[in-house]
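Next come the chains, spelled out residue by residue.
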Amino acid sequence: MSKISGKETKPEILVRRFLFANGFRYRKNDKRYPGKPDIVLPKYKTVIFVHGCFWHGHDCPAGKLPESNKKFWEEKIAGNVERDKRNKAELENSGWKVITIWQCELKNKEVREKTLNELANTLHNNTYQ
Ligand SMILES: [Zn+2]
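These remarks concern the structure in this document.

Rules used in this analysis
Residues numbered from 1 in each chain as written. Predicted model: local features only at pLDDT ≥ 70, side-chain atom pairs only at ≥ 80, totals over all residues. Heavy atoms only, no water. Helix = DSSP H or I, 4+ residues; strand = E, 2+ residues; numbered from the N terminus. Expected span 1.5 Å × (residues − 1). Buried < 20%, exposed > 50% of the residue type's maximum accessible area, 1.4 Å probe, protein only. Arc of directions from axis to C-beta. Contact = heavy atoms within 4.5 Å. Axes fitted to C-alpha atoms, helices over the stretch in contact; angles between N-to-C directions. Parallel < 35°, antiparallel > 145°, perpendicular 65-115°, else oblique. Left-handed = near helix turned anticlockwise from the far one by under 90°. Nonpolar A, V, L, I, M, F, W, Y, C, P; charged D, E, K, R; others polar. 1 Å grid on protein atoms, 1.4 Å probe; cavity = no way out; pocket = protein on both sides within 12 Å on 5 of 7 lines; lining within 4 Å. Points joined across faces, edges and corners; volume = space filled by probe spheres on them. Donors = N, O, S within 2.8 Å, 3.2 Å for Na, K, Ca; no water. Tetrahedral: all angles 85-135°; square planar, octahedral: opposite > 155°, others 65-115°.

1. Quick word on helix α3 (residues 109-124)
Next, step 1: A rise of 1.5 Å per residue sets the reference length of α3, with its 16 residues, at 22 Å; its end C-alpha atoms lie 22 Å apart and thus fit the reference within 8%.
Next, step 2: Among the residues of α3, T115, L116, L119, A120 and L123 are the ones counted as buried. All buried residues of α3 lie within an arc of 135° about the axis, which places them on one face of the element. Facing away from the buried side of α3, by more than 90 degrees, are the exposed residues E110 and K114.
Next, step 3: Contacts made by the buried residues of α3 are with α1 (10-21), β2 (39-41), β3 (46-51) and β4 (97-102).

Set out below in structure tokens:
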């Protein structure tokens, strides 16, 4: 239940470490922006959300809802998804590029390297200077 409390979780730390090691500078959990993005890269006018698949309703095995109490979970997760959408739209309307990284995209070394390399490429192609 603590996954959406905004506390640092391991996947976020992974992404931050990667960015820092590759020379990207960022702010974290900046409350000034909708949804308090996990990572804010002002130079790239980009925010990154690192989403847990279950809580944010990812269409992957880890996002599958439990059979018991299904209705409760459906409504709960649908609410989160709706809020994520609103935050993203708000950020994009203010000129931010929004990148969402799913927990399952960081799961094992192979997938993780691919995800992080793509992230670095996206950021490099998106410098606002
Ligand atoms: Zn997923």
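Following the structure, the description resumes.
2. Details of the packing of α1 against α3
Two measures define how a pair of helices packs: the angle their axes make with one another and the distance between the axes.
Next, step 1: Put simply, α1 and α3 touch, their axes get as near as 11 Å, and they point 50° apart. Taken together, the axes of α1 and α3 are oblique relative to one another. Crossing geometry of α1 relative to α3 is assigned as right-handed. For the pair formed by α1 and α3, the contact residues are L14, V15, F18 and L19 on the first element and R112, L116, N117, L119, A120 and L123 on the second.
Next, step 2: Looking at the contact of α1 with α3, its residues break down into 8 nonpolar, 1 polar and 1 charged.

3. Topic: the layout of surface pockets
Next, step 1: In this model, the second largest pocket occupies a volume close to 170 Å³.
Next, step 2: Along its surface, the second largest pocket is lined by I99, T100, I101, E105, E110, V111, K114, T115, E118 and L119.
Next, step 3: For the lining of the second largest pocket, the elements supplying multiple residues, two or more each, are β4 and α3.
Next, step 4: Residue composition of the lining of the second largest pocket, grouped by class: 4 nonpolar, 2 polar and 4 charged.

4. Topic: the coordination of the zinc ion
Next, step 1: All of the protein donors around the zinc ion are C53 (SG), H58 (ND1), C60 (SG) and C104 (SG); their distances to the metal are 2.0 to 2.4 Å.
Next, step 2: One can describe the site at the zinc ion as tetrahedral: its 4 donor atoms subtend angles covering 104 to 117° at the metal.
Next, step 3: When the donors of the zinc ion are listed by position in the chain, the intervening gaps give C-x4-H-x1-C-x43-C.
Next, step 4: Judged by relative accessible area, which is 15%, C60 ranks as buried.

5. Considering unusual backbone geometry
Next, step 1: In this structure, N29 is a non-glycine residue whose phi angle is positive, near 40°.
Next, step 2: Structurally, N29 is set in the loop between β1 (27-28) and β2.
Next, step 3: Looking at N29, the relative accessible area reads 17%, which means it is buried.
Next, step 4: Even without a glycine there, the phi angle at K45 is positive, about 50°.
Next, step 5: You can see K45 is positioned in the loop between β2 and β3.
Next, step 6: For K45, a relative accessible area of 27% translates into the label partly exposed.

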